[in-house]
Amino acid sequence: MRIGSDFEKIEFNFCGFDLLEPNSLIGNTILFISALIISRKVQKLSIETPFFNFWRVFFIAFGCSFFIGGLGHGFYNYWGVVGKYPGWIASIISLYFMERAMLSLLEHPRRSVFVFLSKIKLLIFLVLELTIFTFLDLKGNPQLGLLIPSIASAFGFLTCLGYLGWRYTHEINSSFRYFYWSVVVLIPSAVLQGMKISIAPWLDRSDLSHLLLLVVILLHWNGVRGYAKSSLIQ
């Protein structure tokens, strides 16, 4: 186990390419496939409302962001830190669809205002991320590129999954408890990343976070499925 610093990146050769971090490639691919499977399950519910449509798109965008991110890790020797840019951008965009899904059920006279603010927030975070790409030296410190996606995730999860999940649990259906529990599950991930806690080179802090994220999207699916089964939308 290592705390406070990272293990050396694992190198491997595949089809003549000198690649890095096979563990990240595997973990990101598992998240990608799992998210696509869940998106398909949401589609099979055959309920055409904004809530379910936005969740379906979220799972697709979320999965793609991790698949692209995995390629960025693996091909770092060829693409450098620039190869990580698309994954970071995609992660910010995916959060927008989650927010729209949860806001679609909000019974509030100013719901349209909150939707507008979600759009503005997306634009601001994208501009900030592009600004970081342009003006900061990410080669020396790639973690700076994760700053905006991390802030966007924290804000979106706490407000739309934490607060609205708790509110909908009491106002709509108990299945929404899965959404705010998904926020709780992510707390250890913040600790792992912040303290740089890794068990082994093949199971570092990013791999552990990926395992927690897998639990998170399964909780999301349980929340979506539970609401679909409720008498409120039969």
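Just so it is clear, the model here is predicted, and its values are computed rather than measured.

The rules behind these values
- Going along each chain's sequence as written, the residues are numbered from 1 onward.
- Since the coordinates come from a predicted model, pLDDT governs what is reported: local features require at least 70, and pairs of side-chain atoms require 80 or more to be given and counted, while whole-chain, interface and lining totals use all residues.
- The basis for every side-chain value is the complete set of non-hydrogen atoms in the structure, without hydrogens or water.
- Helix and strand assignments come from DSSP, with helices taken as H or I runs of at least 4 residues and strands as E runs of at least 2, each series counted from the N terminus.
- Every radius of gyration here is taken over C-alpha atoms, with the globule rule written as 2.2 Å times N^0.38, N being the number of residues.
- Accessibility here uses a 1.4 Å probe with only protein chains present; expressed as a share of the type maximum, an area under 20% marks a residue as buried, one over 50% as exposed, and anything in between as partly exposed.
- In this analysis, a patch consists of residues with relative accessible area above 30% that form no salt bridge, clustered at 9 Å for like charges and at 5 Å for the nonpolar side chains Val, Leu, Ile, Met, Phe, Trp and Tyr.
- In short, Shrake-Rupley with a 1.4 Å probe defines the accessible areas, and a residue's cover is counted only from the protein chains shown.
- Within this document, salt bridges are pairs made up of a side-chain nitrogen of Lys or Arg and a carboxyl oxygen of Asp or Glu, the two lying within 4 Å of each other.
- The set of buried Ala, Val, Leu, Ile, Met, Phe, Trp, Tyr and Cys residues whose side-chain atoms join them within 4.5 Å is what this entry labels a nonpolar core.
- Between two residues, a contact is recorded if the distance between any of their heavy atoms is within 4.5 Å.
- Two rings from Phe, Tyr or Trp (for Trp, the six-membered ring) form a pair when their centres sit within 6.5 Å of each other. Planes less than 30 degrees apart are called stacked, planes more than 60 degrees apart edge-to-face, and all others tilted.
- As a reminder, the over-ring test applies to NZ of lysine and CZ of arginine, requiring each to be within 6 Å of the ring centre and within 35 degrees of the ring normal.
- Helices are assigned an expected span. That span is 1.5 Å times one less than the residue count.
- Fitting one axis to the seven residues ending at a residue and another to the seven starting there, the bend at that residue is the angle between the two axes.
- Between N-to-C directions, angles span 0 to 180 degrees; the directions come from axes that are lines fitted to C-alpha atoms, helices contributing only their stretch in contact.
- Comment on the angle field: the value is read as roughly parallel under 35 degrees, roughly antiparallel over 145, roughly perpendicular from 65 to 115, and oblique elsewhere.
- Throughout, a crossing is termed right-handed when the near helix is turned clockwise from the far one, and left-handed when it is turned anticlockwise from it by less than a right angle.
- Three classes are used: nonpolar for Ala, Val, Leu, Ile, Met, Phe, Trp, Tyr, Cys and Pro, charged for Asp, Glu, Lys and Arg, and polar for all others, with Gly counted as polar.

S.K.: Would you take a moment to explain the overall build of the protein chain for this structure?
M.R.: A count of helices and strands for the protein chain gives eight helices and four strands. In sequence order, the secondary structure elements of the protein chain are arranged as β-β-β-α-α-α-α-α-α-α-β-α. Compactness check: the protein chain gives a C-alpha radius of gyration of 18 Å against a globular reference of 17 Å for 234 residues, within 12% of the reference. Taken along its principal axes, the extent of the C-alpha atoms in the protein chain is 55 × 35 × 35 Å. Taking all 234 residues of the protein chain together, the buried fraction comes to 48%.

S.K.: Can you walk me through a nonpolar patch on the surface in this structure?
M.R.: Side chains of Met1, Ile3, Trp181, Val184, Ile187, Val191, Met195 and Ile199 sit close together on the surface and give an oily, nonpolar patch of about 800 Å² of accessible area. Locating valine 191 in the fold gives a position in helix H7 (residues 177-195).

S.K.: I keep staring at the nonpolar core and nothing clicks. Help me out?
M.R.: The nonpolar side chains of a soluble globular protein tend to be buried with one another. Counting residues in each nonpolar core, the largest one holds 58 residues, and the members touching the most others are Phe51, Trp55, Met98 and Met102. Where this core is concerned, the elements lending two or more residues are helix H1 (22-44), helix H2 (50-74), helix H4 (85-103), helix H5 (111-135), helix H6 (147-171), H7 and helix H8 (205-229). In terms of residue count, the dominant contributor to this core is H4 (eleven residues). What methionine 98 contacts, discounting residues up to four positions off in sequence, is Trp55, Phe58, Gly156, Phe157, Cys160 and Leu161.

S.K.: Looking at this model, I keep getting lost on the packing of aromatic side chains. Mind explaining?
M.R.: What characterises a pair of aromatic rings is the spacing of the ring centres plus the angle enclosed by the ring planes. Tallied over the full model, the rule gives 25 aromatic pairs. Relative to tyrosine 78, the ring of phenylalanine 75 has its centre 6.3 Å away and its plane inclined at 55 degrees; by these criteria the two rings are tilted. Grouping aromatic residues by their ring pairs yields a cluster made of Phe51, Phe52, Trp55, Phe58, Phe59, Phe62, Phe66, Tyr168, Phe176, Phe179 and Tyr227. Positioned over the ring face of tyrosine 178 is arginine 177, at 4.6 Å from the centre of the ring.

S.K.: How do you make sense of H6 when you look at a structure like this?
M.R.: Three- or four-residue spacings in an α-helix give side chains the same orientation, since the helix completes a turn every 3.6 residues. For H6, which comprises 25 residues, the first-to-last C-alpha distance of 34 Å matches the rise-based estimate of 36 Å (1.5 Å per residue) to within 8%. Of all the bends in H6, the greatest, near 30 degrees, is centred on glycine 165.

S.K.: For this particular structure, what's the right way to read the environment of tryptophan 181?
M.R.: Here tryptophan 181 is to be found in helix H7. Take tryptophan 181: its relative accessible area is 45%, and that puts it in the partly exposed class. Sequence spacing of tryptophan 181 and histidine 220 is 39 residues, and the spatial spacing of their C-alpha atoms is 9.3 Å.

S.K.: Honestly, the environment of proline 109 in this entry has me stumped. Any pointers?
M.R.: Among the structural elements, proline 109 can be located in the loop between H4 and H5. In sequence terms proline 109 and isoleucine 93 are 16 residues apart; their C-alpha atoms lie 26 Å from each other.

S.K.: Help me out: how do you make sense of the packing of H2 against H4 in this one?
M.R.: Between H2 and H4, whose axes approach to 8 Å, the crossing angle comes to 165 degrees. Here H4 runs roughly antiparallel to H2, going by the angle between their axes. For the pair H2 and H4, the crossing hand works out as left-handed. Across from Phe51, Phe54, Trp55, Val57, Phe58, Ala61, Phe62, Ser65, Ile68 and Gly69 in H2, the residues of H4 making contact are Pro86, Gly87, Ala90, Ser91, Ser94, Phe97, Met98, Arg100, Ala101 and Met102. Among the residues making up the contact of H2 with H4, the classes are represented as 14 nonpolar, five polar and one charged.

Structural measurements only, silent on function.
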